[in-house]
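Below are the chains, spelled out letter by letter.
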Amino acid sequence: MYSARITRHNPTAFILLIDHSGSMEEKMQFGKTSTTKAEVVAIVTNMLIAELINRCRKDDGIVDYFDIAAVGYSGEKAELLLSPSYTFVKPSRLERRNCRKKLITQERVYPDGQTRISSNEVKYWVEPKADGNTPMRSALDTALNLLTRWCSNPANKDSYPPTVFNITDGEATDGDNDMLCSLANEIKATGTSDGRTLLININISSTSSDKTVIFPGSKDDLPGCRYTNLLYDMSSDMPRQYTEMIQDIKEGSLPPYRGMSLNTSAGSLISMMNIGSISIGRLI
């Protein structure tokens, strides 16, 4: 399970659910810079898309190893962001798209204690946005529809399972806990012969004093509020194939691990999203 090789004939799928509600206008730290949560999420989302495209780059051009979808949710609805005419978009199509670019500077502390600063120009396929309510149920329902169609396609039946990231900072305004958990369970029940879809929930915060949690082993690791417990219940158990990579982030802690985070730094957020794309090491 979770071991299928990815080829141009057997791609895997990534779906990014992005909270665009009004509270995403709040400030948070990104490295040494204070910016909005909407901007941080846009940076990380676009960096992940760029990494996926780079993994598809071969001597003869871009090979479409992935199907990628991004869904923004705000106001009263969820909407496809990468293309209104297509459910999933191929990396080759995204590579050709003209988008604005932004120079992103990152500071990273390496295991030897040295700090290194790097700057990269990032394409903005997904723009930051902050407006209105948090219709998470609509976003989950959109993801379920995308997954149902993708997983029922005979061409994908033996592919590496899809991964869904839900990045949010607030409580849903269009569904109760039972409704959201039911939809999450339906999402996690989709998949391929190689395993079930992974649903990873990322709760970001502008308050640095709040408890920081990444890949919790149980609800005891959480602060105990209703909303964080809900995200825990909605999230996937991480397969054993991820154990070593997660331990690198959690400094050797033992499994089990649940696919969620709470109040993590921007650096941990990037690492977590890279964890979800473990399959990119299996390209042929």
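Details of the structure are given in the entry above.
Residues numbered from 1 in each chain as written. Predicted model: local features only at pLDDT ≥ 70, side-chain atom pairs only at ≥ 80, totals over all residues. Heavy atoms only, no water.

As a further point, take helix H1 (residues 37-55). Helix length check: H1, at 19 residues, gives a terminal C-alpha distance of 27 Å against a target of 27 Å (1.5 Å per residue), a fit within 8%. Counting buried positions over the 19 residues of H1 gives 15, a clear majority of the element. (Helix = DSSP H or I, 4+ residues; strand = E, 2+ residues; numbered from the N terminus. Expected span 1.5 Å × (residues − 1). Buried < 20%, exposed > 50% of the residue type's maximum accessible area, 1.4 Å probe, protein only.)

Their axes nearest at 9 Å, the elements helix H3 (residues 136-152) and helix H4 (residues 177-189) cross at an angle of 20 degrees. When the axis of H3 is compared with that of H4, the two are roughly parallel. The chirality of how H3 crosses H4 is left-handed. Of the residues in H4, those touching H3 at Met136, Arg137, Leu140, Asp141, Ala143, Leu144 and Leu147 are Met179, Leu180, Leu183, Glu186 and Ile187. Among the residues forming the contact of H3 with H4, the class breakdown is 9 nonpolar, no polar and 3 charged. (Axes fitted to C-alpha atoms, helices over the stretch in contact; angles between N-to-C directions. Parallel < 35°, antiparallel > 145°, perpendicular 65-115°, else oblique. Left-handed = near helix turned anticlockwise from the far one by under 90°. Contact = heavy atoms within 4.5 Å. Nonpolar A, V, L, I, M, F, W, Y, C, P; charged D, E, K, R; others polar.)

A few words on the packing of H4 against helix H5 (residues 226-234). Helix-helix packing is characterised by the crossing angle of the two axes and by the distance between the axes. Where H4 meets H5, the axes come as close as 9 Å, and the angle between the chain directions of the two elements is 25 degrees. Of the possible angle classes, the one that applies to H4 and H5 is roughly parallel. Helix-helix and strand crossings are classified by hand; for H4 and H5 the assignment is right-handed. Together, Asn177, Leu180, Cys181, Ala184 and Lys188 of H4 and Arg226, Leu230, Asp233 and Met234 of H5 make up the contact between the two elements. For the contact of H4 with H5, a count of residues per class yields 5 nonpolar, 1 polar and 3 charged.

In an α-helix, one turn spans 3.6 residues; hence positions three or four apart end up facing the same way. When you tally the buried positions in H5, you get 7 out of 9 residues, the bulk of the element. Looking only at H5, the buried set comprises Tyr227, Thr228, Asn229, Leu230, Leu231, Tyr232 and Met234. On its buried face, H5 is in contact with H3, strand S10 (163-168), H4, strand S13 (198-203) and strand S15 (260-262).

Let us now look at the pattern of salt bridges. One side chain can pair with another of opposite charge once the charged atoms of both are near each other. Applying the stated criterion to the full structure yields 13 salt bridges. A salt bridge links lysine 102 to glutamate 39; the shortest N-O distance between them is 3.1 Å. In this pair, lysine 102 sits in strand S8 (residues 101-109) while glutamate 39 sits in helix H1, placing the two residues 63 residues apart along the sequence. Its salt-bridge partner being glutamate 51, residue arginine 55 comes within 2.7 Å of it at the nearest N-O pair. Placement of the pair is arginine 55 and glutamate 51 together in helix H1, with a separation of 4 residues, close to one helical turn. In this structure arginine 55 comes out as partly exposed when scored by relative accessible area, which is 37%. Assessed through its relative accessible area of 25%, glutamate 51 is described here as partly exposed. Linked through salt bridges whose partners overlap, the residues forming this network are Glu26, Lys37 and Asp169. (Salt bridge = Lys/Arg side-chain N within 4 Å of Asp/Glu carboxyl O.)

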